[in-house]
Amino acid sequence: MKKYRSLHTVSLGLIILFSIITLSSMNSCVPSKAVAAKTGVQLWSENCQRCHNTPSPATFSPEIWETVGMHMQTRALLTEAERDKIVEFLKSAR
Amino acid sequence: MKQNFSFKSYGLLIILLMGIFARSFAQTTAAVDSSVYDRLNYLEEQINYHKSGDDHFMVVGLTTFGFASNKTTNTLNGVTTKSRTNSFADANHYEFSPMFLWRHGKKFLMEFEPSFANNGLGVNWADISYFATPNLIIRAGYLVLPFGTYSKKQAAGWINKLATDPMGITALPTTDYGVEIEGGLPIGSMKMNYDFALSNGLQLNADGTLTGGNIVDNNNNKTFTGRLGILPFSNSSLELGVSGMFGKVGNYGSSFQDVKGNMYAFDLNYVKTFVPILLNIKGQYNIVNIGDANYVSPVDTTQTYTFKNHSTAGFIQCAIRPTGIQALHDLELAARYTTYSTPSNSTFGSDQHSFSIGLNYWLSWRAVARITYETYTGNSTASQALNAFTGTTNSNTLYLQFSIQL
């Protein structure tokens, strides 16, 4: 019983800590200059492989990449700037 | 006189020739101009015809099928029984799931994924998202809840590194009717993401297990599910996440009506290239705590029993792919250890462990043929008084599987 309570407390503590960090950062959510300067191809190579293999730009038409980009933003929780750069790269590199 | 005549004749001839040449040149130019204009007009029409509109509808999807050969040994009260199955379609993992996506401009996206699996039709998700601001997406419908990352991001056959799901991680229902907000946040060189949902919630069954996805809420209490993720490195190689799910799980008006569920999940995802190897490490640990309750005994319905309804499930998985070695870059080796513990003295208590190892051959970035070998050990901790104790089970299974996203 004591073990469960301490597990509960630790878990809740971690959630609260993450929440505080998130809430405090919502007002200052600005990327660093280096991150803001990243190109679409960089973001494509870094982010897609977090879940699956990096997709070939030749896979879909530009119109489909727009839709897939929105779907992937909801799955990978990309920022809008990241999504736009990745989609532009995929459309232009076909 | 004769010379004058000859000059005049030559002059007239030259003027005549120039006239003829000029006329024929003008005719040729006009003809060329006309055909080029016609061609341009035609191409313009074609471009306009194919030019994308504000809305777009598309179908993608995935299918996974395979073969499973299983040998199971169970020992109960000193008696050992053996069973063996060889099945096409890999019953636990076969699926055919088209996914429909409708985009309305750049603000709305509808997603619907029906699925044929386990010999029946179901729906994986059906929701609509509104892209409200650069860092905020609002969603409503039948959602995949943000509890850990496996169900939402890694379970698809063409994404998974092994032929099976880690047991226990997918045991908790993570799809429900509700509303959700989510988004990614840049913070200097780091990133964070948040995903919060309010849904009807899980339902406590008569034996202490949980079901979900109820279109009518079983009580007046809504369940909150949330996940926060942090990507501390600028190259997004590492993501750490913590999730919680809180809400009443008992039916309104029943003896369970005040029973609460407090659930937590911790996840890790690390993907980085160390030339010539792509290293991929994933893990998740779930903790499920359900409040105390008295359950009706299956042996004698006039009696009740209780147990500590606490479950845990976790896995750690590592995959390496030699992307920098031309002869081997389509191969990927993966291994996973999974542990799953369900409440002792219940009707379903057990301590289970499995180890899986597999080799993937990537036919393309989204098509894979794989072989996975999995060993499993399960020691029942279920109540002997309730005739639920099932002894010790060991099994070995070989999977051959193909999965593709289209």
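1. Points about the packing of helix H3 (residues 40-47) of chain A against helix H5 (residues 80-92) of chain A
Residue and element names in this part refer to chain A. Contact pair H3 / H5: the axes reach a minimum separation of 8 Å and the direction vectors enclose 105 degrees. Here H3 is positioned roughly perpendicular relative to H5, judged by the angle of their axes. Note on element contacts: H5 touches H3 through Glu82, Lys85, Ile86, Glu88, Phe89 and Leu90, opposite Gly40, Val41, Leu43, Trp44 and Asn47.

2. Topic: the environment of Ala163 of chain B
Residues and elements named next belong to chain B. Inspection of the secondary structure assignment puts Ala163 in the loop between helix H2 (150-154) and strand S7 (175-187). C-beta crowding within 10 Å serves as the criterion here: with 29 such atoms nearby, Ala163 is assigned to the buried category. Sequence-wise, Ala163 and Ile215 are 52 residues apart; in three dimensions their C-alpha atoms are separated by 31 Å. Apart from the residues lying within four places of it in its own chain, the contact partners of Ala163 are Gly66, His93, Gly358, Arg370, Thr372, Tyr399 and Gln401.

3. Section: the pairing of strand S18 (residues 331-342) of chain B
Residue and element names in this part refer to chain B. Only one face of S18 is covered, namely the one carrying Glu332, Ala334, Arg336, Thr338, Tyr340 and Thr342; the face carrying Leu331, Leu333, Ala335, Tyr337, Thr339 and Ser341 has none of its residues buried. Direction of pairing for strand S17 (residues 309-321) relative to S18: antiparallel, over a ladder of 9 bridges. Counterpart to Gly314 in the pairing with S18 is Thr339. Inspection of the sheet shows S18 paired to strand S19 (residues 350-364) by 12 bridges, in the antiparallel sense. Bridge assignment links Thr339 to a residue of S19, and that residue is His353.

4. What to know about the environment of Thr211 of chain B
Residues and elements named next belong to chain B. Mapped onto the fold, Thr211 is located in strand S10 (residues 210-211). Thr211 gets classed as exposed once you count the C-beta atoms within 10 Å, which come to 12. Once you skip the residues sitting within four places of it in the chain, Thr211 turns out to touch Pro173, Leu202, Gln203 and Asn205.

5. Remarks on the nonpolar core
Leu145, Phe147, Met263 and Val288 of chain B are the most contacted members of the largest nonpolar core, which totals 17 residues. Of all the elements in the fold, those that place two or more residues in this core are strand S6 (136-144), strand S13 (260-274) and strand S14 (277-290) of chain B. Beyond its immediate chain neighbours, meaning those up to four positions away, Leu145 of chain B contacts Thr174, Thr175, Asp176, Ala197, Ser199 and Thr225 of chain B. The next biggest cluster of nonpolar side chains, apart from the first, holds 12 residues, and it includes Leu43, Cys51, Ala76 and Leu90 of chain A.

6. A few points about the interface of chain B and chain A
With 46 residues of chain B at the contact, the number on the chain A side is 41 residues. Of all the elements, S7 of chain B adds the most residues to the side of chain B that touches chain A, at 6 residues.

7. Structural notes on the confidence of the model for chain B
Chain-level statistics for chain B give a pLDDT mean of 91 and a share of 92% at 70 or above. In the predicted assembly, ipTM is 0.85 and pTM is 0.85.

8. A closer look at the pairing of S6 of chain B
Residues and elements named next belong to chain B. Across 7 bridges, strand S5 (residues 120-133) lies against S6 in antiparallel orientation. Across the sheet, Ser129 pairs through a bridge with Arg139, a residue of S6. In this structure, the hairpin formed by S5 and S6 is closed by a connection of 2 residues. Two strands pair when backbone bridges link them, and S6 and S7 are joined in this way by 8 bridges, in the antiparallel orientation. Looking at S7, one finds that Tyr142 is bridged to Tyr177.

9. Details of helix H4 (residues 62-76) of chain A
All names here are of chain A. Here H4 is 15 residues long and its end C-alpha atoms lie 20 Å apart, about the 21 Å a rise of 1.5 Å per residue gives. The complete set of buried residues in H4 reads Trp65, Glu66, Thr67, Val68, Gly69, Met70, Met72, Gln73, Thr74 and Ala76. Downstream of H4 by a residue or two, Leu77 has a phi angle that is positive, lying close to 55 degrees.

10. Focus: H5 of chain A
Residues and elements named next belong to chain A. Look at H5: 18 Å from first C-alpha to last across 13 residues, which is about the 18 Å you get at 1.5 Å a residue. For H5, the full list of buried residues reads Glu82, Arg83, Lys85, Ile86, Val87 and Leu90. For H5, the secondary structure elements touched by its buried residues are H3 and H4.

11. Topic: the confidence of the model for chain A
Confidence in the prediction of chain A, expressed as mean pLDDT, is 85, and 70% of residues score 70 or more. Taking the mean pLDDT of every element in chain A, the minimum, 64, falls on helix H1 (residues 2-26) of chain A and the maximum, 96, on H3 of chain A.

12. Some remarks on the packing of H4 of chain A against H5 of chain A
Residues and elements named next belong to chain A. Where H4 contacts H5, the two axes come as close as 9 Å, and the packing angle between them is 150 degrees. Our classification of the angle between H4 and H5 gives roughly antiparallel. Taken as a pair, H4 and H5 cross one another with a handedness that is right-handed. Of the residues in H5, those touching H4 at Pro62, Trp65, Glu66, Gly69 and Gln73 are Arg83, Ile86, Val87, Leu90 and Lys91. Grouping the amino acids of the contact of H4 with H5 by side-chain chemistry returns 5 nonpolar, 2 polar and 3 charged.

Reading the values: the criteria
Residues numbered from 1 in each chain as written. Chains lettered and ligands numbered in written order. Predicted model: local features only at pLDDT ≥ 70, side-chain atom pairs only at ≥ 80, totals over all residues. Axes fitted to C-alpha atoms, helices over the stretch in contact; angles between N-to-C directions. Helix = DSSP H or I, 4+ residues; strand = E, 2+ residues; numbered from the N terminus. Parallel < 35°, antiparallel > 145°, perpendicular 65-115°, else oblique. Contact = placed C-beta atoms within 7 Å. Buried ≥ 20, exposed ≤ 12 C-beta atoms within 10 Å, placed from the backbone. Pairing = 2+ DSSP bridges. Core = buried A, V, L, I, M, F, W, Y, C linked by C-beta atoms within 7 Å. pLDDT = per-residue confidence, 0-100. Expected span 1.5 Å × (residues − 1). Left-handed = near helix turned anticlockwise from the far one by under 90°. Nonpolar A, V, L, I, M, F, W, Y, C, P; charged D, E, K, R; others polar.

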